[in-house]
Amino acid sequence: MSFIIAEIAQAHDGSLGTAHAYIDALAKTGIHAIKFQTHIAAAESSTYEPFRVKFSKQDATRFDYWKRMEFTLEQWKDLKQHCDDVGLEFMSSPFSNAAVDLLEEVGVSSYKIGSGEVTNFLLLEKIAQAKKPVILSSGMSSFDELDEAVDFLKSKNVAYSILQCTTSYPTKPEQYGFNVINELKERYNVPVGISDHSAKIETCIAAAALGAEIFEFHAVFNREQFGPDATSSLTIDEIKQVSKSIKNIEKALQNPVSKDDNSAFKDLKTIFEKTLAVNKDLDKGHILKFSDLEAKKPAKKGIAAKFFNDVIGKSINKDIKQWEFLTDEDINE
């Protein structure tokens, strides 16, 4: 079964009210889970952390930005309860051991590990101690690094899945890496999906057709909004389209069609397929040529159109009017 995650991340820009508004809006889109990011500035960052993109004029440092993104434990619990109330799984990516402690108090059923944390074995150990399933994002990792992280999780008996991800915002088509979806499946034999930052509805839809099972993308009310991920996000209406499309493709993949059996089209074939006819008045004894023939609906009114070669060069045993069907009885053997 497909599992669709809409990531609010920092789209709330530190506003609790906006975070709740996102939950209400996303509850109407057909997704299965809402994911936040849990940042505790003092535990994960420092004043030395540079901006990836200097998007914020109100935050002097990246540390200040993370500080502004923090919610209290009670606020996180309210957000989780809101997700429960609308029937969506609450998820959040932790970026420090302290964030894992907080999320354990909030109550999560799984953990998403961001691309930059795949080599953070201290965090992986902390998460492993929670004994909950993990979704691993492969964005900045080589296969060697993924192998190390996977081996570590397996050694701790942690159930895991992996997402193909390109850490580029927004991701360009030549960076999607659709080929990696199947490579991950073959290499790890676990559920595989895509974490998308393209801001295009076709990306996850194509991934679904290629066998992805887990889909994650950023959500935003409008791509003109403030924030580091806004231009790499899908809008609410786009998320509705993507969710519906993924589920339709999932249904299609679960119902393979056999081209060896077309019995279901028996009646339609009679309507749409054709019978040989003549395109002009022909006299008895006329030798049929290709230029005398037409094919007309419906089928089974005489000689099937596919047998046209069998009548060419043969004579007819009666006068035939223009547009009349040809039958076996009309042909001299």
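Residues numbered from 1 in each chain as written. Predicted model: local features only at pLDDT ≥ 70, side-chain atom pairs only at ≥ 80, totals over all residues. Heavy atoms only, no water.

Looking at an unreviewed UniProt entry, one finds the protein chain named N-acetylneuraminate synthase, with Pontimicrobium aquaticum as its source organism.

**Remarks on the packing of aromatic side chains**
Applied cut-off: Centres within 6.5 Å are what make two rings of Phe, Tyr or Trp a pair, Trp counting through its six-membered ring; a difference in plane orientation under 30 degrees is then read as stacked, over 60 as edge-to-face, and the rest as tilted. Using a 1.4 Å probe on the protein chains alone, a residue whose accessible area is under 20% of its type maximum counts as buried, one over 50% counts as exposed, and one in between counts as partly exposed. What counts as a helix is a DSSP run of H or I of at least four residues, what counts as a strand is a run of E of at least two, and both are numbered from the N terminus. Here, over-ring charges are defined by two tests on the NZ atom of lysine or the CZ atom of arginine: distance to the ring centre within 6 Å, and angle to the ring normal within 35 degrees.
Within the structure shown, the criterion is met by nine aromatic pairs. Judged by centre distance (5.3 Å) and plane angle (75°), the ring pair of Phe71 and Trp76 falls under edge-to-face. The exposure class assigned to Trp76 is buried, which follows from its relative accessible area of 2%. Look at Phe290 and Phe308: their rings are 5.9 Å apart centre to centre, the planes differ by 70°, and that puts the pair in the edge-to-face class. In this pair, Phe290 sits in the loop between β9 (275-278) and β10 (293-296) while Phe308 sits in helix α12 (residues 308-311), placing the two residues 18 residues apart along the sequence. Each member of the aromatic cluster is reached from another via a ring pair, and the members are Phe36, Phe71, Trp76 and Phe90. A cation over an aromatic ring shows up here: Arg187 above the ring of Phe143, its NZ or CZ 4.3 Å from the ring centre.

**Some words on unusual backbone geometry**
In this structure, the amide linkage connecting Tyr169 to the following residue, Pro170, adopts the cis form with an omega of -10°. Looking at the element boundaries, Pro170 is found in the loop between β6 (160-165) and α8 (179-188). Residue Lys297 is joined to Pro298 through a cis peptide bond whose omega torsion reads 5°. Among the structural elements, Pro298 can be located in the loop between β10 and α12. At Asp13, a residue that is not glycine, the phi angle is positive and equals roughly 55°. Mapped onto the elements, Asp13 comes out in the loop between β1 (3-7) and α1 (16-26). Of note, Ala199 is a non-glycine position whose phi angle comes to about 60°, a positive value. When its relative accessible area of 11% is taken as the criterion, Ala199 is described as buried.

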